[in-house]
Amino acid sequence: MVKTIGVVGAGTMGNGIAQVAAEAGYQVILQDIDEKYVQVGLDAIKKISTTVP
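A. Here's a closer look at the overall build of the chain. Scanning the chain for helices and strands turns up two helices and two strands. Its helices and strands in sequence order give the chain the pattern β-α-β-α, from N to C terminus. For the chain, whose C-alpha radius of gyration is 10 Å, the value lies close to the compact-globule estimate of 10 Å for 53 residues. Taken along the three principal axes of its C-alpha coordinates, the chain extends 30 × 25 × 15 Å. Per-residue burial for the chain yields a buried fraction of 23% across its 53 residues.

B. Region of the structure containing helix H2 (residues 35–48). With 14 residues, H2 extends 20 Å from end C-alpha to end C-alpha; this agrees with the ideal 20 Å at 1.5 Å per step. The set of residues buried in H2 consists of Val38, Gly41 and Ile45. Taken around the axis of H2, the buried residues stretch over an arc of 65°, which confines them to a single face. More than 90 degrees from the buried face of H2, the exposed residues found are Lys36, Val40 and Lys47. On its buried face, H2 sits against helix H1 (12–23) and strand S2 (27–31). Its side-chain oxygen placed 2.9 Å from the backbone nitrogen of Lys36, Asp34 serves as the N-cap of H2.

About the criteria used
Counting from 1, residues in each chain are numbered in the order their sequence is written. With the structure being a predicted model, the display of local features is reserved for residues of pLDDT at least 70 and the display and counting of side-chain atom pairs for 80 or more, all residues being used for whole-chain, interface and lining totals. Based on all heavy atoms of the structure, the side-chain values leave hydrogens and waters out of the count. In this text, helices come from DSSP runs of H or I with a minimum length of four residues, and strands from runs of E with a minimum of two, each type numbered from the N-terminal end. We compute the radius of gyration over the C-alpha atoms and compare it with the globule rule, which gives 2.2 Å times the number of residues raised to the power 0.38. Buried residues are those whose accessible area, probed at 1.4 Å on protein chains only, stays under 20% of the maximum for their type, while exposed residues exceed 50% and partly exposed ones sit between those limits. Expected span of a helix: the number of residues minus one, times 1.5 Å. Think of it as the arc spanned by the lines of direction from the helix axis to the C-beta atoms. Whether two residues touch is decided by their heavy atoms; if any such pair falls within 4.5 Å, the residues are in contact. Here a polar contact is taken to be a pair of N or O atoms separated by no more than 3.5 Å, where protein atoms must pair a possible hydrogen donor with a possible acceptor and residues adjacent in sequence count only if both atoms sit in side chains.

So this is what it looks like as structure tokens:
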């Protein structure tokens, strides 16, 4: 059974996929070429999500 999902690219599509997966209960690993892009993606998720801390 799949428990963890990896998403490569934290842009608009990547952070959207990561958000949907996290809200569905999966553990998500979000990667990008630089940590600052991952942080931007996480900030976008936090801005629009009510369930992802």
